[in-house]
Amino acid sequence: MSESRWIPLESNPDVFNSWAINAGLASQAQFEDIYGLDPELLGMVSKGVKAVTLLFPCSGTIATKRKEEDEKIAAQGQYPIDPTIFWMKQTIVNACGTMGLLHALINSGVAFADESPLAKFIEECKDKTPLERVKVLEETSLFEQIHTSAAVSGQTTVPDDLDTYLHFTCFVQAPDVTARDQDRGWRVVELDGGRNGPIDRGKCTNLLQDVANFVKEHYIKESKSVNFSMMALCSAQD
């Protein structure tokens, strides 16, 4: 049996917002472009940033360091991650856009319509492991249909060759589980279905700025490519 292969999603707010609405997003929240990582450009992003998505070239030094970090975490562990974080492994080729959307939306506290694909998916994934969750994704046609509809609505023509080295990851904030209740702080957590689990990225004081600093140092600095794109999930209710 051939592996499942979806059409890659554009890093485009219209595409992501269409996907989110069709999947059941009911909150006053939307994805916006992040035009640059300088303070002036970050200041153009709406308040209430709940998550940040990053499209990046998963090749060369970046790919090598990802593998090295996965091996280091497996051998030495990492800063404790909030166990309520929703993460799932990516097994469907080119589904990283949908994985990024699921990770961003489910971990952001936004509301979903009753009986919507997202609400049903979250309910069905309760008490399931990351690999069991992706089996749910593989066996339902709901998200594949939404993904395909969003993918063909983008500004670029769908290529005949669906192989791509570009990959989506997502950043959210989560409670610091090591802190005392009265001093509870926040951590930046990276959620990438191509990794082995959630990855702690340090203390979070301002999610957008903290992610921008991390991306500059650990992604953009490691590549000569200009194929980077970022979006923020912002809630108008904050």
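Scroll up a little and you will see the structure.
Residues numbered from 1 in each chain as written. Predicted model: local features only at pLDDT ≥ 70, side-chain atom pairs only at ≥ 80, totals over all residues. Heavy atoms only, no water.

Caption draft 1: The pattern of salt bridges, seen in detail. The tally for this structure, following the rule as stated, stands at 10 salt bridges. For the salt bridge of K65 with E222, the shortest nitrogen-to-oxygen distance reads 2.9 Å. Placement of K65 in helix α3 (residues 60-76) and of E222 in the loop between α8 (207-218) and β6 (229-235) is noted, with a sequence separation of 157 residues between them. The partly exposed category is assigned to E222, whose relative accessible area is 24%. D200 is paired through a salt bridge with R187; the nearest N and O atoms lie 2.8 Å apart. Here D200, found in strand β5 (residues 199-203), pairs with R187, found in strand β4 (residues 186-191); they are 13 residues apart in sequence, far enough to count as distant. The pair D200 / R187 is uniform in exposure class, with both members buried. (Salt bridge = Lys/Arg side-chain N within 4 Å of Asp/Glu carboxyl O. Helix = DSSP H or I, 4+ residues; strand = E, 2+ residues; numbered from the N terminus. Buried < 20%, exposed > 50% of the residue type's maximum accessible area, 1.4 Å probe, protein only.)

Caption draft 2: Quick look at the environment of S59. Topologically, S59 is positioned in the loop between β2 (49-57) and α3. Overall, S59 belongs to the partly exposed group, its relative accessible area being 33%.

Caption draft 3: The pairing of β4, seen in detail. Within β4, five of the six residues are buried, which leaves the element mostly enclosed by the surrounding structure. The sheet contact formed by strand β3 (residues 166-175) and β4 spans six bridges and is antiparallel. The residue bridging P175 from the neighbouring strand is W186, located in β4. Pairing geometry for β4 and β5, over three bridges, is antiparallel. (Pairing = 2+ DSSP bridges.)

Caption draft 4: Just the sheet that holds β6, in detail. Taken together, six strands build an open sheet; the order of strands is β1-β6-β2-β3-β4-β5 and the sheet is antiparallel. In this open sheet, the two edge strands, each paired with only one partner strand, are β1 (29-34) and β5. Ignoring which end each strand starts from, the neighbouring axes of this sheet average 25° apart. With six bridges joining them, β2 and β6 adopt antiparallel strand pairing. Opposite V52, over in β6, you have A232 as the bridge partner. Each of β1, β2, β3 and β6 is contacted by helix α1 (residues 13-23), which is oriented at about 165° to β1, the strand it contacts most. (Axes fitted to C-alpha atoms, helices over the stretch in contact; angles between N-to-C directions. Contact = heavy atoms within 4.5 Å.)

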